[in-house]
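These are the residues of each chain, in order.
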Amino acid sequence: MENLLYLAQLIVAISVVFVWTFRFHNVLKEFEQFGLSDLTRSLVGATKIALATLLVAGIWYSSLVLIPSILMGLLMIGAQYFHYKIRNPFIKHLPSLILLALSAFIAYSSI
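In this report, we go over the structure that sits alongside the text. (Residues numbered from 1 in each chain as written. Predicted model: local features only at pLDDT ≥ 70, side-chain atom pairs only at ≥ 80, totals over all residues. Heavy atoms only, no water.)

Considering all chains together, one arrives at 1 salt bridge under this definition. The salt bridge involving Asp38 is made with Arg41; its shortest N-O contact spans 3.0 Å. Linking Asp38 with Arg41, this pair stays in helix H3 (residues 38–57), spanning 3 residues, or about one helical turn. With relative accessibility at 13%, the residue Arg41 sits in the buried group. (Salt bridge = Lys/Arg side-chain N within 4 Å of Asp/Glu carboxyl O. Helix = DSSP H or I, 4+ residues; strand = E, 2+ residues; numbered from the N terminus. Buried < 20%, exposed > 50% of the residue type's maximum accessible area, 1.4 Å probe, protein only.)

As structure tokens, then:
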């Protein structure tokens, strides 16, 4: 079970860092569609990367995992809201929905 938790932490962290670095052009387009400012986008990105870093560090320091996984889950709920608000097809909801489920699993397992 512990290995599954570590795997979930790595999947969430790597996914977030990958999207916010290598697929940043998609992030720019989505935040524009959502009608959110550049400042909001920058704050969300910095927060997600910081939380991803803490999830990776949590592999060695388990006390770091609970709060970042809850906050990451809240950010994914926000992503779900904005995808719903602009009526994106379900396929656009899926990545943040999967990361939400993984964040919930990490938080639950960390209690």
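Let's shift gears to the environment of Glu30. Checked against the element boundaries, Glu30 lands in helix H2 (residues 24–34). Residue classification places Glu30 among the partly exposed positions, given a relative accessible area of 24%. Each C-alpha atom of the pair Glu30 and His83 lies 8.9 Å from the other, and the pair is 53 residues apart in sequence.

So, on to the packing of H3 against helix H4 (residues 66–85). Where H3 contacts H4, the two axes come as close as 9 Å, and the packing angle between them is 145°. As for the relative orientation of H3 and H4, their crossing is left-handed in sense. Contacts between H3 and H4 involve Thr47, Lys48, Leu51, Ala52, Leu54 and Leu55 from the first element and Pro68, Ser69, Leu71, Met72, Leu75 and Met76 from the second. Of the residues assigned to the contact of H3 with H4, the class counts are 9 nonpolar, 2 polar and 1 charged. (Axes fitted to C-alpha atoms, helices over the stretch in contact; angles between N-to-C directions. Left-handed = near helix turned anticlockwise from the far one by under 90°. Contact = heavy atoms within 4.5 Å. Nonpolar A, V, L, I, M, F, W, Y, C, P; charged D, E, K, R; others polar.)

To continue, consider H2. When we look at burial in H2, the residues that qualify are Asn26, Val27, Phe31 and Phe34. All buried residues of H2 fall inside an arc of 130° around its axis, so they share one side. Projecting away from the buried face of H2 at angles above 90 degrees are the exposed residues His25 and Glu32. The secondary structure elements touched by the buried residues of H2 are helix H1 (2–21), H3 and H4. After H2 finishes, the residue Gly35 shows a positive phi value of roughly 80°. (Arc of directions from axis to C-beta.)

Bringing unusual backbone geometry into the picture now. Its identity as a non-glycine residue notwithstanding, Arg87 has a phi of 60°, on the positive side. Here Arg87 shows up in the loop between H4 and helix H5 (90–110). Overall, the relative accessible area of 71% leaves Arg87 in the exposed class.

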